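Summary of the model geometry
If you want the building blocks of each chain, they are given just below.
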Amino acid sequence: MWRAWEMHNFGRVAVSLECREVFVDGVPQHIGTRAFEILELLISAAGELVTKDQIMRVVWPKTIVVENNIQVHISTLRKLLGGKRGWIRTEAGRGYRLAPPADGPAHATQGDPDPAAAPVPVRASAAQRTWPLIGREREAAELRGLVERELLVTLVGPGGVGKSHLALEVATALACSRGVQACHVDLACVSGHGALVAMLLGALRGAKEPGAGDMGDVLREIGASEAVLVFDNGERCVDALAAVCETIAASNTGASMIVTSREPLRVACERIYRVGPLAVPDALAGGSDIEASSAVRMFVARARAMGTEFPADPKTLQAIANVCRRLDGLPLALELAAARAASLGVKGLVADLERSLLSLSGGLRTAPARHRTLRASIEWSYALLDEAERIVLRRLAAFPGIFTLEAACALATCEQLSRDAVLDCVVNLASKSLLVVHSAGLSKCYSLLESVRAYALEKLEEAGEHVQFGERYAARAEIDKPVRLVPRAVSIAAATPVPASAAYV
Ligand SMILES: Nc1ncnc2c1ncn2[C@@H]1O[C@H](COP(=O)(O)OP(=O)(O)OP(=O)(O)O)[C@@H](O)[C@H]1O
Ligand SMILES: [Mg+2]
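Residues numbered from 1 in each chain as written. Chains lettered and ligands numbered in written order. Predicted model: local features only at pLDDT ≥ 70, side-chain atom pairs only at ≥ 80, totals over all residues. Heavy atoms only, no water.

Overview of the site of ligand 1
We apply this condition: A cutoff of 4 Å decides nearness: a residue is near a molecule or strand if any of its heavy atoms lies inside that distance of it. Polar contacts, as counted here, are pairs of nitrogen or oxygen atoms within 3.5 Å of one another; within protein the pair requires one atom able to donate a hydrogen and one able to accept it, and residues that are adjacent in sequence qualify only if both atoms are side-chain atoms. The accessible surface values rely on the Shrake-Rupley method and a 1.4 Å probe; as for residues, cover is taken only from the protein chains in view. Numbering of helices and strands runs from the N terminus, with a helix taken as a DSSP run of H or I at least four residues long and a strand as a DSSP run of E at least two residues long.
Neighbouring residues of ligand 1: 22 residues in total, closest Lys163, His165, Arg262, Glu335 and His371. Contact between ligand 1 and Lys163: an oxygen atom at 2.7 Å from a side-chain N or O atom of the residue. In the model, an oxygen atom of ligand 1 is placed 2.8 Å from a nitrogen or oxygen of the Ser164 side chain. For ligand 1, whose unbound accessible area comes to 630 Å², protein coverage reaches 95%. Elements supplying a minimum of two residues to the shell around ligand 1: α5 (163–178), α10 (294–305) and α12 (331–355).

What follows is the structure, given as structure tokens:
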């Protein structure tokens, strides 16, 4: 079931002070740090007056600012909270306070949603939401639009990138607005058509256990409803899921289907939505740009909820930005890193990441086993590869940065693996979200996320191919002009950063 964080509700707007997030109709919004701090002051004052002096003292403790600055942020907040006749009251010359609109609900509620704005109740079966969605405003809006138009949308992306979280958020919001059921079918432990149908029937009937019946029963259960079905972790049983989704799509039930998977289903009615990591600050970013980046927002919100506060000095911000870049903006990694920062501090965390990225652990106790460490998350995908794909993946780890298909084939081909076989493997690895795909004019280039590369390097070493492929890479690096490569430090170098334009296929 959804885990409730303390939410302060103002009509359509909900605010979590713990996570420093603001939602309108359940969709996260980004407001600047200063505006949020003023909002926090107003909420904490619980309807009492907050003077301009108080705001200046708390929000700009070390700077003298003109009053205009306050007004700019108040105006942002006012727009958010219902405009001129909304929740923010001005007491001329003195300050501001929160009060319900004259024609609105009687009071702001804490925890319980405002009944006037409450959605139609839905039977959302076993949807696991552990945390507000952070930094996915654009994706949530795009996905909602897609799901409203298409029968089947598959969210594809690497492990831990946030596919399930985004899918569940959008599915619940959509089901609420339609006043229908949102049905979550977790396929993590399902294999085969029969088990999938049973799982789906159970979810449709609101039962915890799988249900008895066949596809005919599934279609009858869905009926003419506009239910929103979420099939989570589809990569575990792509073939069976493809067949089930095609049958539902062909039956004109009116249901919307959202699949999350590390690889596409490849059925005719499927529309693919690729989910990439959260945006990280670029290397030259300063204070407010760092704070505004999605990855930093998520890392800080997680750390804060675990009781860790960071001093807002430039050095700490730069250290946090470095951590987010090192982790490629991958939400699962940020979540684990935030947990570690709670016990080690940011400096200790940086040192820990140098030691081992893959053993980062300590997230939610209730998280599935594949989310306990980054290694477990990558192993989940690795287990689904065939032998040739495994060999090629580990050899590709020799590339510290972006590489072309040509270079990949030249490097990984051997007596047992022809060039064509390597090419197929590269395409499959990209399709299974183990490679990041970059557009380079009309062609594509590839790279590995840092965590995937660290894992593949371990495998390369285990296979005793470390030295051989390090040398092969060194020999090729001289002639691979389009690929920006970092000079090799020891035998195999650290990865170059992946540009934000990277995509996953
Ligand atoms: N935008 C976000 N804001 C806050 N938390 C997030 C966000 N995206 C992901 N998370 C958290 O990161 C963790 C991994 O996310 P999620 O389970 O959605 O990944 P996934 O892509 O579905 O992974 P898998 O392929 O293993 O199923 C979860 O704990 C999730 O709550
Ligand atoms: Mg998932």
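There's more to say after this.
Some words on unusual backbone geometry
Positioned with a positive phi, Ala46 is a non-glycine residue whose angle comes to about 50 degrees. One non-glycine residue with positive phi stands out, namely Arg266, at about 60 degrees. When you line up the elements, Arg266 lands in the loop between β12 (256–261) and β13 (270–274).

Re the pattern of salt bridges
We count it as follows: Just to be clear on terms, a salt bridge is a Lys or Arg side-chain nitrogen sitting within 4 Å of an Asp or Glu carboxyl oxygen. Relative accessibility thresholds used throughout: buried, under 20% of the residue-type maximum; exposed, over 50%; partly exposed, between the two (1.4 Å probe, protein chains only).
All chains considered together, the criterion is met by 24 salt bridges. Across the salt bridge formed by Glu142 and Arg138, the nearest N and O atoms sit 3.1 Å from each other. In this pair, Glu142 and Arg138 are both assigned in helix α4 (residues 137–149), 4 residues apart and thus about one turn of the helix distant. Arg138 sits in the exposed class, given a relative accessible area of 52%. Across the pair Lys432 and Glu389 runs a salt bridge whose closest N-O atoms are separated by 3.2 Å.

As for the sheet that holds β13
As a reminder of what qualifies: One bridge is not enough; two strands pair if DSSP finds at least two bridges between them. The angle between two axes is taken between their N-to-C directions and runs from 0 to 180 degrees, where each axis is a line fitted to C-alpha atoms and a helix contributes only its stretch in contact. In this description, contact between two residues means that some pair of their heavy atoms is separated by no more than 4.5 Å.
The 5 strands are arranged β10-β11-β12-β9-β13 in an open sheet whose pairing can be described as parallel. Whereas interior strands pair on both sides, the edge strands pair on one side only; in this sheet they are β10 (182–186) and β13. On average, each strand axis in the sheet is tilted by 20 degrees relative to the strand beside it, whichever way the strands run. The sheet contact formed by β10 and strand β11 (residues 228–232) spans 5 bridges and is parallel. Paired with Val185 across the bridge in β11 is Phe231. Running at roughly 180 degrees to β13, α4 makes contact with β9 (152–156), β12 and β13 of the sheet. α5 rests against β9, β10, β11, β12 and β13 of the sheet, and its axis sits at about 170 degrees to β11.

Thoughts on the packing of aromatic side chains
Put simply, the rule is: Any Phe, Tyr or Trp ring, taking Trp's six-membered ring, that has another such ring centre within 6.5 Å forms a pair; planes under 30 degrees apart are called stacked, those over 60 apart edge-to-face, and the others tilted. Throughout this description, the term charge over a ring refers to an Arg CZ or Lys NZ atom that lies within 6 Å of the ring centre and within 35 degrees of the ring normal.
Overall, the coordinates contain 6 aromatic pairs when judged by the stated rule. Here the aromatic rings of Phe299 and Phe310 are separated by 5.8 Å at their centres, their planes lie at 15 degrees, and the arrangement is stacked. With Phe299 in helix α10 and Phe310 in the loop between α10 and α11 (314–326), the pair connects residues that are 11 residues apart, well separated along the chain. The class of Phe299 is buried, set by a relative accessible area of 0%. For Phe310, a relative accessible area of 19% gives the class buried. Site record: aromatic cluster; members linked through ring pairs are Phe399, Phe403, Tyr446 and Tyr473. The lysine or arginine in question, Arg236, covers the ring of Trp380, its NZ or CZ lying 4.0 Å from the ring centre.

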